[in-house]
Number of protein chains: 2
Amino acid sequence: MASSDQAVVTEFFAEGHDHSACREAALAAAEAICRTRGMRFTRLRRRVLELIWDRDYPVKAYELLEQLRGERSGAAPPTVYRTLDFLLREGFIHRVESLNAYIGCGDPGHAHPVQLLVCRHCYKVAELADDDVARLLQQKAYARGFAVDAAVVELEGVCPRCGG
Amino acid sequence: MASSDQAVVTEFFAEGHDHSACREAALAAAEAICRTRGMRFTRLRRRVLELIWDRDYPVKAYELLEQLRGERSGAAPPTVYRTLDFLLREGFIHRVESLNAYIGCGDPGHAHPVQLLVCRHCYKVAELADDDVARLLQQKAYARGFAVDAAVVELEGVCPRCGG
DNA sequence: GGATAGTTTGATACTATATAACATAAAGAG
DNA sequence: CTCTTTATGTTATATAGTATCAAACTATCC
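Below, the structure is looked at part by part. (Residues numbered from 1 in each chain as written. Chains lettered and ligands numbered in written order. Predicted model: local features only at pLDDT ≥ 70, side-chain atom pairs only at ≥ 80, totals over all residues. Heavy atoms only, no water.)

**Let's talk about the protein's contact with DNA strand D**
Right, so step 1: Taken together, 20 residues are adjacent to DNA strand D, and Thr42(A), Arg82(A), Lys60(B), Tyr62(B) and Tyr81(B) come closest.
Right, so step 2: Lys60(B) has a polar side-chain atom sitting 2.5 Å from a phosphate oxygen of DNA strand D.
Right, so step 3: The set of elements that each furnish at least two residues to the surface near DNA strand D consists of helix 2 (43-54) and helix 4 (77-89) of chain A together with helix 4 (77-89) of chain B.
Right, so step 4: When residues of the surface near DNA strand D are assigned to their parent elements, the largest contribution, four residues, is made by helix 4 of chain B. (Near = heavy atom within 4 Å. Polar contact = N/O pair within 3.5 Å; in protein donor to acceptor, adjacent residues only side chain to side chain. Helix = DSSP H or I, 4+ residues; strand = E, 2+ residues; numbered from the N terminus.)

Next up, the structure:
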């Protein structure tokens, strides 16, 4: 575990996890990052990121849409998907492929490999963000002449709280 | 690479890859496996597996449906999805999560970890099937108290033929 | 060989997920 | 202020997957 970036591991599964503190930190970070990158952290974008962090479970696009509809007159699928695309591009959220859902990134602004632990019981998701894993995958692929640009790594199983 | 199961690596990206030979072998294997497991390798199931192997690219469910419609009167989405579920359960195909598509498994009948190399240029997919990777993922998750049941590992990048 | 229990497929309807295309509005640069 | 770019609104459509019940098939047992 020597070289793993432990700072990134969000202790999502822990009893004491203060999700609302994470939320505030993530929103502040997103705002700051947008400022330094010259991107616009608009009300819509902020609001969608808030809604994602409001739950500590993966959120689906159409759940977000439904919530937005209570707040904005003309919210439609593109409203949500475009905003999700932005948040993904900027690294503020991650997409959980195996659930078609989205979670807030616990460490926006620091590039890190993304590996997700998905509890099949409570459906919470934690980030592993392990450099050793990323490196091994890269090496193994390279040995086949394959140059890796991006990786989807999602481990389904049982989290410690659910008796993993 | 010591402990990796090299037999499983399909050389999908190689020039000389004889896809139709793979196809025939896979179909014969599926038939034999069904016999030993007491499962029914019905005409529909065989046909869908054939259609998947007919292309050497990942195939989408609705492409299969369209082709089936030319052959069977009443083919409908459930026809395809139920058959895909069967083929997945028996390990004859793999689902590519990042493409919502399906590929034939190059080594049905032998349990193996599934890691996919997805070329973003030609869209071909190869199996890595590396035990070291599976083991490392398991270890890293276990260190967080997480018990892994299944893994989605898909590496997107450029294959050797496309200049990776 | 016929009853029957289990499995597979047919058929209809529906839900869920995501994108295309074009119009309008808002923000930043000169 | 006006021009350009970026963001959002709006309508329509494409793609992906599931629920439900009925009919047909298969294997088995008597």
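**Some words on the protein's contact with DNA strand C**
Right, so step 1: In the region of DNA strand C, 20 residues are neighbours, and Lys60(A), Tyr62(A), Arg95(A), Thr42(B) and Arg82(B) sit closest.
Right, so step 2: Among atoms of DNA strand C positioned within 4 Å of the protein, sugar and phosphate together represent 54%.
Right, so step 3: Here a phosphate oxygen of DNA strand C and a side-chain polar atom of Thr42(B) are 2.5 Å apart.
Right, so step 4: Taking Arg72(B), its side chain carries an N or O atom lying 2.9 Å from a phosphate oxygen of DNA strand C.
Right, so step 5: The set of elements that each furnish at least two residues to the surface near DNA strand C consists of helix 4 of chain A together with helix 2 (43-54) and helix 4 of chain B.

**Some remarks on the pattern of salt bridges**
Right, so step 1: The tally for this structure, following the rule as stated, stands at 30 salt bridges over all chains.
Right, so step 2: A salt bridge links Arg120(A) to Asp149(B), with the shortest nitrogen-to-oxygen separation between them at 2.6 Å. Taken together, the residues span two chains, with Arg120(A) in the loop between strand 3 (115-119) and strand 4 (125-127) and Asp149(B) in strand 5 (residues 147-158).
Right, so step 3: Note on Asp149(B): relative accessible area 46%, which makes it partly exposed.
Right, so step 4: Put simply, Glu31(A), Arg46(A), Arg47(A), Glu50(A) and Glu71(A) are held in one network by salt bridges that share partners. (Salt bridge = Lys/Arg side-chain N within 4 Å of Asp/Glu carboxyl O. Buried < 20%, exposed > 50% of the residue type's maximum accessible area, 1.4 Å probe, protein only.)

**With respect to the relation of the copies chain A and chain B**
Relating the two copies of this chain is a rotation about some axis coupled with a shift parallel to it.
Right, so step 1: Superposing chain A onto chain B takes a rotation of 180 degrees plus a shift of 0.0 Å along the axis, which leaves an RMSD of 0.1 Å. Accordingly, the operation relating the two chain copies is best matched by a two-fold axis. Relative to the rotation axis, the C-alpha of Val153(A) is the closest in chain A, positioned 2.3 Å from it. (Least-squares fit on C-alpha atoms with pLDDT ≥ 70 in both.)

**Quick look at the interface of chain A and chain B**
Right, so step 1: Taken together, the contacts link 38 residues of chain A with 38 residues of chain B.
Right, so step 2: For the pairing of chain A and chain B, the buried interface totals around 3200 Å² over both sides, and the portion due to carbon and sulfur atoms is 63%.
Right, so step 3: Ranking the residues of chain A by area buried against chain B places Lys140(A), Arg144(A) and Phe146(A) at the top, with a combined share of 24%.
Right, so step 4: Put simply, chain A and chain B have six salt bridges between them. (Contact = heavy atoms within 4.5 Å. Buried area = accessible area lost by both parts, 1.4 Å probe.)

**What to know about helix 3 (residues 61-69) of chain A**
Residues and elements named next belong to chain A.
Right, so step 1: Regarding helix 3, the residues found buried are Ala61, Leu64, Leu65 and Leu68. Buried residues of helix 3, viewed axially, fall in a sector of 105 degrees; they line one side.
Right, so step 2: Buried residues along helix 3 sit in contact with helix 2, helix 4 and strand 2 (101-104). (Arc of directions from axis to C-beta.)

**Structural notes on the layout of surface pockets**
Leftover empty space is mapped by rolling, across the atoms, a probe with the size of a water molecule.
Right, so step 1: Space inside the largest pocket adds up to approximately 860 Å³.
Right, so step 2: Lining the largest pocket are 37 residues, with His94(B), Val114(B), Ala150(B), Ala151(B) and Val152(B) sitting closest to its centre.
Right, so step 3: Per-element tally for the lining of the largest pocket: the top contributor is strand 5 of chain B, with seven residues.
Right, so step 4: Among the residues making up the lining of the largest pocket, the classes are represented as 19 nonpolar, eight polar and 10 charged.
Right, so step 5: Taken as a whole, the second largest pocket holds about 720 Å³ of empty space.
Right, so step 6: Taken together, 34 residues form the lining of the second largest pocket, with His94(A), Val114(A), Ala150(A), Ala151(A) and Val152(A) sitting closest to its centre.
Right, so step 7: Residue assignment for the lining of the second largest pocket shows that the elements contributing at least two residues are helix 4, strand 1 (93-96) and strand 5 (147-158) of chain A together with strand 3 (115-119) and strand 5 of chain B.
Right, so step 8: Among the elements that make up the lining of the second largest pocket, the one with the highest residue count is strand 5 of chain A (six residues).
Right, so step 9: Its residues assigned to classes, the lining of the second largest pocket shows 17 nonpolar, six polar and 11 charged. (1 Å grid on protein atoms, 1.4 Å probe; cavity = no way out; pocket = protein on both sides within 12 Å on 5 of 7 lines; lining within 4 Å. Points joined across faces, edges and corners; volume = space filled by probe spheres on them. Nonpolar A, V, L, I, M, F, W, Y, C, P; charged D, E, K, R; others polar.)

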